[in-house]
Amino acid sequence: MKTWMKKLVEQFDMDWGSSPEGKESATPMLTEDRATLLYILDVYNKHLFEIQNHSVRKVRNKLDTFAKELVQPDSESTEKTLFKLRQFISSYRIDEYTYVQNTFDDFKRIIWDFADHLGEEAQVEDAAQADINQSLEQLREAVESNSIEDLRAKSREFINFYLKHQSTKDERRSKRMESIKKNLTTVKKQLMEANQTMRRDHLTGAHNRRSYDEQVRRYLQLHEIDGDPMSLIILDIDFFKKINDNYGHDIGDFILKECVRLLEEAFSREEDFIARLGGEEFAVILPGCDEQAAIKMAEEAMNRIRKEVFVHENAEIRFTVSMGIAEITKNEIADNWYKRADEALYESKQTGRNKYTLAKAPGIKRVA
């Protein structure tokens, strides 16, 4: 079985039973088509967001169930699983599209209301200007009539009209500016909330994958300028699926939130950046940290996590994390930097978990 397929299956942290040769565990064999489908489900799972009628937790649980059925198929259940999967994805995509469309429509409504308000104000200004022009025309006619009485009367009318117009205009401008300020504040608040929602993980409050991608680009640009060291840690929670299976997804969600809290305590500098990439996988960007500084901070984080004990009913729940650490190298691109850290994480998981592994330098490959 290809390496990427084996790595994918091992993410499920399941007990596959004994192999025919009597080994402790026998990883199930997969066709490449089935493994590709599992990979698609895994990617989809990592980029879910909350929509009406489909909480992330429930959708993730559903996708995990489909994945497990595909990993351990039998001749009778495979077609049923694929049929149920098609039905679920079809229903979910419709609701997902509806949610996105409604959100977009809400945003359009906000902008339209604001534009409509400005349009009404412009119409009022145009009407007022028309009244001024009419009054000026009447004054001009009085001048041309050579009548002192008519000129005196029209002049008095124009002065009174103009003073009233200016007073009304100032009052209207004050109200308009207050209204515009209020609308701008509302739009700004809603845009900021939308921006935060787009860049924050809904469950843990950590930055999400999109925010991570943007931040990596910024940090790499700064690194090109100042040349300061910078390290990346990719980590995930050991045996997280077993936590979900044994205690339920509510406890799993709690562990995810606690993991972020502990990471924030350990990586507490203002410039430290913590993101949830998906599932139980996290990334920590450490600007100004070389490999040794990153190791020290990683050990602090792992020690904090090891010491935590959570009580659920009569059970004590502990969890650990595995890490891969990579210091950025000269002219290294973001994808390669992540790949080296991820490969180091994979080695940590393959060699016992609850540990960190330093990434190999670019161009150096590990021997299986």
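Being a predicted model, the structure only gives us computed values, none of them experimental.

**Some words on the overall build of the protein**
Phase 1: Tallying secondary structure elements over the protein gives 10 helices and seven strands in all.
Phase 2: Sorting the 368 residues of the protein into buried and exposed places 37% on the buried side.
Phase 3: Contacts spanning at least 24 positions in sequence make up 66% of the contacts within the protein whose residues lie at least 6 apart.
Phase 4: For the protein, the accessible surface area stands at approximately 22300 Å², while carbon and sulfur atoms represent 51% of it.

**Focus: the environment of tyrosine 247**
Phase 1: Mapping tyrosine 247 onto the fold places it in helix 7 (residues 240-247).
Phase 2: The partly exposed category is assigned to tyrosine 247, whose relative accessible area is 30%.
Phase 3: Note: C-alpha distance between tyrosine 247 and histidine 312 (65 residues apart in sequence) is 8.3 Å.
Phase 4: Excluding anything up to four places from it in sequence, tyrosine 247 contacts His312, Ala315, Glu316 and Ile317.

**Considering the pattern of salt bridges**
Phase 1: One pass over the full model with this rule turns up 16 salt bridges.
Phase 2: Taking the shortest distance from any N to any O, the salt bridge between aspartate 236 and lysine 349 comes out at 3.1 Å. A residue pair is termed long-range when its members are at least 10 positions apart, and aspartate 236 in strand 1 (residues 230-237) and lysine 349 in helix 10 (residues 334-350) qualify at 113 residues.
Phase 3: Taking relative accessible area as the criterion, aspartate 236 reaches 8% and is therefore assigned buried.
Phase 4: Across the pair glutamate 308 and arginine 261 runs a salt bridge whose closest N-O atoms are separated by 3.6 Å. Note that glutamate 308 is positioned in the loop between helix 9 (291-307) and strand 4 (310-312) and arginine 261 in helix 8 (residues 249-266), a separation of 47 residues in sequence.

**A word on the packing of aromatic side chains**
The geometry of an aromatic ring pair is captured by two quantities: the separation of the ring centres and the angle between the planes.
Phase 1: Using the criterion set out here, one finds four aromatic pairs in the structure.
Phase 2: Residues phenylalanine 66 and phenylalanine 88 carry aromatic rings whose centres are separated by 5.9 Å and whose planes lie at 55 degrees to one another, so their mutual orientation is tilted. Remark: phenylalanine 88 occurs in helix 4 (residues 77-145) and phenylalanine 66 occurs in helix 3 (residues 56-71); sequence separation between them is 22 residues.
Phase 3: Taking the relative accessible area as the measure of exposure, phenylalanine 88 reaches 14% and is therefore buried.
Phase 4: Aromatic pair phenylalanine 310 and phenylalanine 319: ring centres 6.3 Å apart, planes at 15 degrees, arrangement stacked. Of the two residues, phenylalanine 310 and phenylalanine 319, neither departs from the other in class, the shared state being buried.
Phase 5: Geometry around tyrosine 338 places arginine 209 over its ring, the cationic atom sitting 5.3 Å from the centre.
Phase 6: The ring of phenylalanine 239 has arginine 353 sitting right over it, with the charged end atom 4.3 Å from the ring centre.

**Digging into the sheet that holds strand 7 (residues 356-358)**
Phase 1: Within the open sheet, the five strands sit side by side as 2-3-1-6-7. Their pairing is mixed. In this open sheet, the two edge strands, each paired with only one partner strand, are strand 2 (273-278) and strand 7. Ignoring strand direction, the axes of neighbouring strands in this sheet form an average angle of 20 degrees.
Phase 2: Summarising the sheet, strand 2 and strand 3 (residues 281-287) pair through five bridges and their orientation is antiparallel. Within strand 3, the residue paired with alanine 275 across the bridge is alanine 283.
Phase 3: Along the sheet, helix 9 makes contact with strand 1, strand 3, strand 6 (321-327) and strand 7, crossing strand 6 at roughly 170 degrees.

**Considerations on helix 8**
Phase 1: The end-to-end C-alpha distance of helix 8, which contains 18 residues, comes to 26 Å, matching closely the 26 Å that a straight helix rising 1.5 Å per residue would cover.
Phase 2: Those residues of helix 8 not exposed but buried are His249, Ile251, Gly252, Asp253, Ile255, Leu256, Glu258, Cys259, Val260, Leu262, Leu263 and Ala266.

**With respect to the confidence of the model for the protein**
Reading fine detail from the predicted coordinates is not recommended where pLDDT is low.
Phase 1: Residue-level pLDDT values for the protein average 81, and 84% of them are 70 or greater.
Phase 2: Low confidence marks residues 15-25, where pLDDT is under 50. Its contacts with residues over four positions away, or in another chain, come to 14 contacts.

**Points about the side chain of threonine 357**
Phase 1: Secondary-structure assignment places threonine 357 in strand 7.
Phase 2: At a separation of 2.6 Å, a polar atom in the side chain of threonine 357 contacts the side chain of serine 348.

**Digging into helix 7**
Phase 1: The set of residues buried in helix 7 consists of Phe240, Lys241, Ile243 and Asn244. Angular distribution of buried residues about the axis of helix 7 spans 155 degrees; they occupy a single face of the element.
Phase 2: Positioned one or two residues after helix 7, glycine 248 has a phi angle of 100 degrees, which is positive.

Conventions and cut-offs
Residues numbered from 1 in each chain as written. Predicted model: local features only at pLDDT ≥ 70, side-chain atom pairs only at ≥ 80, totals over all residues. Heavy atoms only, no water. Helix = DSSP H or I, 4+ residues; strand = E, 2+ residues; numbered from the N terminus. Buried < 20%, exposed > 50% of the residue type's maximum accessible area, 1.4 Å probe, protein only. Contact = heavy atoms within 4.5 Å. Areas by Shrake-Rupley, 256 points an atom, 1.4 Å probe, with all protein chains shown as cover. Salt bridge = Lys/Arg side-chain N within 4 Å of Asp/Glu carboxyl O. Phe/Tyr/Trp six-rings, centres within 6.5 Å; stacked < 30°, edge-to-face > 60°. Lys NZ or Arg CZ within 6 Å of the ring centre and 35° of its normal. Pairing = 2+ DSSP bridges. Axes fitted to C-alpha atoms, helices over the stretch in contact; angles between N-to-C directions. Expected span 1.5 Å × (residues − 1). pLDDT = per-residue confidence, 0-100. Polar contact = N/O pair within 3.5 Å; in protein donor to acceptor, adjacent residues only side chain to side chain. Arc of directions from axis to C-beta.

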